[in-house]
Amino acid sequence: MVGYAFMGAVHSQAWRTVNRVFDLPLRARMTAVYGRDPARVAEAAGRLGWEGYGTDWRELVARDDIDAVDVCTPGDSHAEIAIAALDAGKHVLCEKPLANSVPEARAMVAAAERARANGQLSMCGFNYRRVPAVTLMRQLVASGRLGEIRHVRAAYLQDWIVDPQFPLVWRLRRERAGSGALGDIGAHIIDLTQYVTGQLVTGVSAITETFVRRRPLLDEGPAGGLAGATGTAGTGEVTVDDAAVFVARLAGGALATYEATRFATGRKNALRVEVNGSLGSVAFDLERLNELEFYDATRPAAERGFATVLVTEPEHPYLSAWWPAGHIIGYEHSFTHEMRDFLAAVGTGADPHPSFADALQVQLVLAAVAGSAESGSSWTEVEPVAAELAA
């Protein structure tokens, strides 16, 4: 694994757990974690359960005792690391968004196609697909229980940078993060709605805003995160968006609205998706992760109303491997399910999803949103992924 901060810790939890819960064709051995700071990566290796550590990821991709590489770094290094790992014959799991730009994402897809011909697989880590209630949501839509899909509304709300004195960390710098709330959390709801509905976003009209344009500079240290802070020295420009709002058209004709912000005061990690169809509706709220709201319009009028489905039964996706019915799971389980699906694919030779091509399509939506916002919210078509990649 490359990277050991927030996502690295979550992924490590999943790698430690996955084979203890699921019966899989392969067993994951946590061989080594890599990061730039020798002292911090050594500490992280011991704390997170890795056998060894290193400071040069190029050494990692050259090692013969490593079969798969998990990329958990900031977006500016995703393409370089993932492409090198694939070209070196490794399977690759890469965090979202896939890259910081469409050209980088295309290069990653090309590397994935080359590697696939040699038996190496790749997957992008959109973990919310693996929440059992979300997977059930997709199944209800795919089975026709909602009829014709007419509306989709999605919001991902956070507030961790509301304070104007919060420092200029890497996520607020375009050269490191690519974009702000749009790519960080907007990518999640774009992927989630396309996954649930089975329909791609085809066009958008968007507006973005940066509410706090300068922030205190912070000496982040070699690790590039708050753990390395040693003090402030003036202010620097915020070069990403704080919030993005857009309307969209889906391929099947549905209208969709999206909101991604890190300025929703009081909202810590509030993700909600609702889908309305001609025969019913479903809604998911991450803060009620084990529940799904379902409205069945085919029932007699006197019996209609939103029903709360407690998604904890062994018949529900992923849950037969966990606890007795009614015992809830949490955020970290979505990553364990991610590793489960990745290992199952590698072990059987099946193509894992979301693929790098799937993630490229999300990147194309992000680019369309950014382009629309820069051109006065003009209607902007989403460039289609090449047909042979989207198949």
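None of the values given here were measured: they were computed from a predicted structure.

## Comments concerning the packing of helix H6 (residues 132-142) against helix H8 (residues 181-197)
A pair of packed helices is characterised by two quantities: the angle between their axes and the separation of those axes.
At step 1: One can describe the packing of H6 onto H8 by two numbers: an axis separation of 7 Å at closest approach and a directional angle of 40°. It follows that H6 is oblique to H8 by the angle criterion. Across from Val134, Thr135, Met137, Arg138 and Val141 in H6, the residues of H8 making contact are Leu192, Tyr195, Val196 and Thr197.
At step 2: Per-class residue counts for the contact of H6 with H8 are 6 nonpolar, 2 polar and 1 charged.

## What about unusual backbone geometry?
At step 1: For the bond running from Lys96 to Pro97, omega is -20°, close enough to zero to count as cis.
At step 2: By the secondary structure assignment, Pro97 is in the loop between strand E4 (91-95) and helix H5 (102-117).
At step 3: Even without a glycine there, the phi angle at Tyr318 is positive, about 70°.
At step 4: With respect to the helices and strands, Tyr318 occurs in the loop between strand E15 (307-310) and helix H9 (331-348).
At step 5: With relative accessibility at 17%, the residue Tyr318 sits in the buried group.
At step 6: For Ser377, which is not a glycine, the phi torsion comes out positive at approximately 70°.
At step 7: Secondary-structure assignment places Ser377 in the loop between helix H10 (356-374) and strand E16 (380-381).
At step 8: By relative accessible area, which is 28% here, Ser377 ends up partly exposed.

## Quick notes on the nonpolar core
At step 1: In this structure, Tyr258 and Phe356 are the most contacted members of the largest nonpolar core, which totals 114 residues.
At step 2: For this core, the element with the highest residue contribution is H10, accounting for 10 residues.
At step 3: In contact with Tyr258, other than residues within four places in its own chain, are Ala154, Ile189, Ile190, Thr193, Val201, Ala244, Val245, Phe246, Ala248 and Leu250.
At step 4: Ranked by size, the runner-up nonpolar core spans 9 residues in total, among them Ile161, Leu168, Val169 and Val212.

## Structural notes on the packing of H8 against H10
At step 1: The N-to-C vectors of H8 and H10 enclose an angle of 120°; their axes lie 10 Å apart at closest approach. One finds that H8 runs oblique with respect to H10. H10 is crossed by H8, and the crossing has right-handed handedness. Along the contact surface, H8 presents Leu182, Gly183, Ala187, Ile190, Asp191 and Gln194, while H10 presents Gln361, Val362, Val365, Leu366, Val369 and Ala370.
At step 2: Residues belonging to the contact of H8 with H10 are distributed by class as follows: 8 nonpolar, 3 polar and 1 charged.

## Topic: the environment of Ser377
At step 1: On a C-alpha basis, the gap between Ser377 and Ala187 in space is 19 Å, while along the polypeptide they are 190 residues apart.
At step 2: Sequence-distant contacts of Ser377, that is, excluding residues within four places in its chain, are made with Ser205, Ala206, Ile207 and Ser372.

## Section: the sheet that holds strand E11 (residues 255-261)
At step 1: Read across the sheet, 9 strands follow the order E15-E14-E13-E12-E6-E11-E10-E7-E16 without closing on themselves; strand pairing throughout is mixed. Edge positions in the sheet fall to E15 and E16, since each has one partner strand and no second.
At step 2: Judged from the 7 bridges that link them, strand E6 (residues 149-157) and E11 form a sheet pairing that is parallel. In the sheet register, Arg153 faces E11, and the bridge partner there is Thr257.
At step 3: Those strands touched by H10 are strand E7 (201-209), strand E10 (243-250) and E16, and its axis lies near 50° from that of E7.

Calculation rules
- Residues numbered from 1 in each chain as written.
- Predicted model: local features only at pLDDT ≥ 70, side-chain atom pairs only at ≥ 80, totals over all residues.
- Heavy atoms only, no water.
- Axes fitted to C-alpha atoms, helices over the stretch in contact; angles between N-to-C directions.
- Helix = DSSP H or I, 4+ residues; strand = E, 2+ residues; numbered from the N terminus.
- Parallel < 35°, antiparallel > 145°, perpendicular 65-115°, else oblique.
- Contact = heavy atoms within 4.5 Å.
- Nonpolar A, V, L, I, M, F, W, Y, C, P; charged D, E, K, R; others polar.
- Buried < 20%, exposed > 50% of the residue type's maximum accessible area, 1.4 Å probe, protein only.
- Core = buried A, V, L, I, M, F, W, Y, C linked by side-chain atoms within 4.5 Å.
- Left-handed = near helix turned anticlockwise from the far one by under 90°.
- Pairing = 2+ DSSP bridges.

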